[in-house]
Each structure stands twice: as structure tokens, then as C-alpha cells.
Amino acid sequence: MTLTAETGTQETDQSPARTTAADSAPRRPSLSPSRAADFKSCPLLYRFRTIDRLPEKKSRAAVRGTLVHAVLEKLYDLPAAERTVAAAQTLVAPAWDELREEPGVAELFEAPEGEQAESLEAWLASAGQLVETYFRLEDPTRIQPHGREELVEVTLPDGLLLRGYVDRLDVAPTGALRVVDYKTGGMPREAFEAKALFQMKFYALVLWRTRGVVAAQLKLLYLKDGDALTYAPDEAELLRFERTLQAIWAAIERAVATGDFRANKSRLCSWCDHQALCPAFGGTPPPFPADAAAAAGWRTTLPLTAATD
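Throughout, residues of each chain are indexed from 1 in the direction in which the sequence is written. Confidence filtering applies because this is a predicted model: local features only for residues at pLDDT of at least 70, side-chain atom pairs given and counted only at 80 or more, and all residues used for totals across whole chains, interfaces and linings. Each side-chain value is worked out from all heavy atoms of the structure, with water and hydrogens disregarded.

1. A look at the layout of surface pockets
Item 1. Put simply, the second largest pocket is a space of about 280 Å³.
Item 2. Each cavity reported here is a set of points on a 1 Å grid over the protein atoms alone in which a 1.4 Å probe fits but cannot get out, each pocket an open set with protein on both sides within 12 Å along at least five of seven lines, and each lining residue one with an atom within 4 Å of a point. Lining of the second largest pocket is provided by 13 residues; of these, Pro29, Trp249, Glu253, Gly297 and Arg299 occupy positions nearest its centre.
Item 3. Secondary structure counts use DSSP, requiring at least four H or I residues in a row for a helix and at least two E residues in a row for a strand, with both numbered from the N terminus. Take the lining of the second largest pocket: its biggest share by element is four residues, from helix H9 (residues 235–258).
Item 4. Of the residues belonging to the lining of the second largest pocket, the class tally is six nonpolar, three polar and four charged. Grid points are joined across faces, edges and corners, and a volume is the space filled by probe spheres set on the points. Polar here means any residue outside two lists: the nonpolar Ala, Val, Leu, Ile, Met, Phe, Trp, Tyr, Cys and Pro, and the charged Asp, Glu, Lys and Arg; Gly therefore counts as polar.

Listed below in C-alpha cells is the structure:
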């Protein structure tokens with residue numbers, strides 16, 4: 001296996017986890033890279049997001065990540081020769097017009113009276129700068145993606161359903177696979193590279209299990225500082241990673257069965273919307289929604305509310 005990286009500064013990536021109608025309408029319990037990461041960092045956060053489905057505030061940084069992802073996806077709708085920086089910049093405004101219609105987005109730019117905040121124009125310009133940086137990392141005129149924003153999923157032999165969305169999937173004439181993910185933050189320090197690659201190994205595992213091909217390259221593009229991190233997994237590593245996911249899933253199932261989701265206090269708590277309900281901050285979580293969990297296909301030993309006429 002190989003790992004190569006250019007040097008750069010660390011910044012927590014603000015690219016959002018994608019949420020679609022398919023995500024919000026449960027079919028049966030499944031594991032995604034973001035939800036696995038939630039449980040690893042804080043089981044209670046996993047519960048609030050996945051079981052309780054508590055609302056969370058949007059942030060300008062996360063919305064900017066969504067905007068940049070949309071522009072880079074639409075860029076590849078253009079003929080190869082027309083994929084220029086100037087053409088990409090013209091995609092920012094229409095992508096923003098679509099995004100601003102989503103609930104809670106426009107309100108981010110309505111600053112309270114007397115409070116100074118970054119103007120919408122400056123914010124859009126910062127998104128445009130991230131798009132421009134992308135062209136320092138790749139030449140889109142020489143790339144023809146096999147898939148963009150593509151859902152990949154597989155059910156493992158033990159029944160665990162893995163699901164995730166790949167920013168871009170490239171397939172070479174030889175059949176070699178490259179998985180590409182866009183990050184709008186800065187590249188992490190070496191000590192945090194394993195965490196950054198967790199998501200990419202997840203995709204590589206699903207693709208290996210569905211296509212029988214181990215991805216030749218996993219590529220993370222960090223648009224804030226123009227760095228790239230590439231990695232080449234091997235089959236033995238993906239087998240070990242599969243066992244890691246199965247262990248995470250077994251722990252999630254135990255927590256759901258008992259309703260016992262522990263809080264894990266860390267630096268990430270500073271960005272959490274749920275401190276008022278967290279025991280680590282003196283809060284009290286709402287009663288575990290056993291009925292909702294059972295309706296979504298979870299197995300729980302907790303009593304369910306009897307149906308009434």
C-alpha cells in the first residue's frame with residue numbers, strides 16, 4: 001500500500017454529509033461513513049442524529065461545501081474542452097440560486113441588527129476561490145468521470161448494509177478505479193490522516209465487494225490550501241477494515257437494543273448543536289424513542305408504546 005501527500009495546514013473540513021430523500025426515508029438500518037464516524041467520536045451524537053433525528057443548524061461553512069460540490073459536479077456536464085476556470089465560475093450563481101431555496105439557508109445571511117457578518121458577495125467569492133483552486137489540482141479537460149455523487153451500497157454476508165455517496169468515480173480503460181473526494185477545508189496533519197482516509201476506505205470496500213476490484217487510488221482533494229492526499233489500499237487491508245465496520249455495527253446494535261448511548265466529551269463538542277441535551281454538559285437526553293427505532297427496523301429490548309385507537 002502507498003500513501004503520498006503534499007504538505008499543508010490542518011483545518012477541520014466543513015464539507016457536509018449528503019442528505020437526500022432516500023436517506024430520510026428509512027428502508028432498514030444501514031451504516032454510512034459519516035454515521036460510523038459519529039458513533040466512533042460520540043455514541044450519543046450518533047443517537048441524536050440517526051435515531052432521534054434531531055434538527056441541527058446549518059452553517060455557512062457547511063453550505064459553502066455543498067455549493068462547491070454542486071459546482072464541481074455540474075462542471076463535468078460540460079464538454080471536456082469547455083471545462084475552464086471561467087466556465088466553472090459561471091456555475092456558482094445558478095448553483096447558489098438552487099441551494100438558497102433549501103430551508104434555513106437564506107437565513108444564514110440575515111445578520112441581526114447591529115451585528116457585522118461576512119457579506120453574501122464575499123461568501124460567494126470565497127466559494128469561487130475554492131472552485132478555482134480545484135484547477136490547480138486536476139485538469140478536468142482530461143477526465144471523464146464514470147460517476148458523480150453516486151450512491152454505492154452493498155450488503156455484507158452478515159447482513160450489514162453499507163451505503164455512501166462518492167463525489168467522483170473514475171474508471172480507466174484498464175478497469176482500474178479511482179475514488180475522488182472534494183474537501184473544502186485544509187489537509188489534516190499526519191497524525192489525523194487515518195481519520196481522513198476512513199471515509200475513502202469505506203467506499204473502497206463497497207466497490208470491492210460490488211465490483212470485485214480493489215481501487216487503485218483513493219484521492220482526497222483539499223481545496224482550501226490546494227493539497228492532495230492519495231492512497232492505494234490492498235485487499236488484506238480492506239478485509240481488516242470490513243471487520244472494523246462490523247465491530248462498530250455490533251456496538252451500535254447493542255446500544256440500540258438497550259438505549260444506552262454514552263456521551264464522549266472531546267474538542268468536537270464545540271461544534272455540537274446538542275449540548276443542552278448532553279449529560280457531559282449538565283443536560284438530560286430525551287427518552288429513547290424505542291417506537292421510532294423499531295419502526296425503522298432496529299431491534300430493541302426496550303418497551304414500546306402500546307397502540308391506541
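2. Regarding the packing of aromatic side chains
Item 1. What counts as a ring pair is set by centres within 6.5 Å for rings of Phe, Tyr and Trp (its six-membered ring), and what kind of pair is set by the plane angle: stacked under 30 degrees, edge-to-face over 60, tilted for all other angles. Going through the model one piece at a time under the given rule, you end up with 11 aromatic pairs.
Item 2. Ring geometry for Phe261 versus Phe288: centroids 5.9 Å apart, planes at 20 degrees, classification stacked. Linking Phe261 in the loop between H9 and helix H10 (290–295) with Phe288 in the loop between H9 and H10, this pair joins segments that are 27 residues apart in sequence.
Item 3. Accessible area is worked out with a 1.4 Å probe on protein chains only. A residue is then buried under 20% of its type maximum, exposed over 50%, and partly exposed in between. Overall, the relative accessible area of 8% leaves Phe261 in the buried class.
Item 4. Exposure remark for Phe288: the relative accessible area of 16% places this residue in the buried category.
Item 5. Here the aromatic residues Phe39, Tyr46, Phe261 and Phe288 are joined through ring pairs into a cluster of three or more.

3. Let's talk about the environment of Lys183
Item 1. Locating Lys183 in the fold gives a position in strand E4 (residues 177–183).
Item 2. For the pair Lys183 and Tyr222, spaced 39 residues apart in the sequence, the C-alpha separation amounts to 4.8 Å.

4. Some details on helix H6 (residues 92–99)
Item 1. Among all positions in H6, only Val92, Ala95, Trp96 and Leu99 are buried. One face of H6 carries all of its buried residues, which in axial projection span an arc of 100 degrees.
Item 2. On its buried side, H6 packs onto helix H4 (60–75), helix H5 (85–90) and helix H7 (120–137). Directions pointing from the helix axis toward each C-beta atom define the arc. The criterion used for residue contact is that any of the two residues' heavy atoms lie within 4.5 Å.

5. Observations regarding the confidence of the model for the protein
Item 1. Averaged over every residue, the pLDDT of the protein is 88; residues scoring 70 or more account for 87%.
Item 2. When mean pLDDT is compared element by element in the protein, H5 scores highest at 98, while strand E1 (residues 2–5) scores lowest at 39.
Item 3. Confidence of the predictor at the level of single residues is given by pLDDT, which spans 0 to 100. Taken together, the stretch residues 1–26 has pLDDT below 50 and engages in 72 contacts with residues farther than four places along the chain or on a different chain.

6. Looking at helix H2 (residues 33–41)
Item 1. Within H2, burial applies to Pro33, Ala36, Asp38 and Phe39.
Item 2. On the buried face of H2, the contacting elements are helix H3 (43–51), strand E3 (161–171), helix H8 (193–211) and H9.

7. Here's the deal with the pattern of salt bridges
Item 1. In what follows, salt bridge is the name for a side-chain nitrogen of Lys or Arg lying within 4 Å of a carboxyl oxygen of Asp or Glu. Per the stated rule, a full pass over the model turns up 16 salt bridges.
Item 2. Between Arg47 and Asp52 there is a salt bridge whose closest N-O contact spans 2.6 Å.
Item 3. The exposure class assigned to Arg47 is buried, which follows from its relative accessible area of 5%.

8. A look at a positive patch on the surface
Item 1. Taken together, the side chains of Lys40, Arg189, Lys195 and Arg267 present a region of like positive charge at the surface.
Item 2. Counting through the fold element by element, Lys40 comes out in helix H2. Patches in this entry comprise residues that are over 30% relatively accessible and not in a salt bridge; like charges within 9 Å are linked, as are nonpolar side chains (Val, Leu, Ile, Met, Phe, Trp, Tyr) within 5 Å. The accessible surface values rely on the Shrake-Rupley method and a 1.4 Å probe; as for residues, cover is taken only from the protein chains in view. His residues and chain termini do not enter the charge count, which takes Lys and Arg as positive and Asp and Glu as negative. Note on charges: their place is set at NZ of Lys, CZ of Arg, CG of Asp or CD of Glu.

9. Some remarks on the pairing of E3
Item 1. Burial within E3 is extensive, with 10 of its 11 residues counted as buried.
Item 2. For two strands to count as paired, DSSP must find a minimum of two bridges between them. Alignment of strand E2 (residues 147–155) against E3, held across eight bridges, turns out to be antiparallel. In the strand pairing of E3, Arg148 is matched with Arg168.
Item 3. What sits between E2 and E3 in their antiparallel hairpin is a turn of five residues, with Gly159 showing a positive phi close to 100 degrees.
Item 4. In textbook terms, the turn of a hairpin is the stretch between consecutive antiparallel strands, and for E3 and E4 this stretch comprises five residues, one of which, Gly175, has a positive phi near 95 degrees.

10. Overview of the nonpolar core
Item 1. Nonpolar cores were defined as sets of buried Ala, Val, Leu, Ile, Met, Phe, Trp, Tyr and Cys residues, with membership established by side-chain atoms within 4.5 Å. Counting residues in hydrophobic clusters, the biggest one holds 52 residues, and the most contacted among them are Leu162, Val179, Leu245, Ile252 and Trp298.
Item 2. Sort the elements by how many residues they give to this core and H8 lands first, with 11 residues.
Item 3. Not counting the four nearest positions on each side in its chain, Leu245 is found in contact with Leu31, Leu160, Leu162, Phe198, Phe202 and Leu205.
Item 4. Of all hydrophobic cores here, the second largest spans 28 residues; its members include Leu99, Val131, Ile143 and Tyr182.

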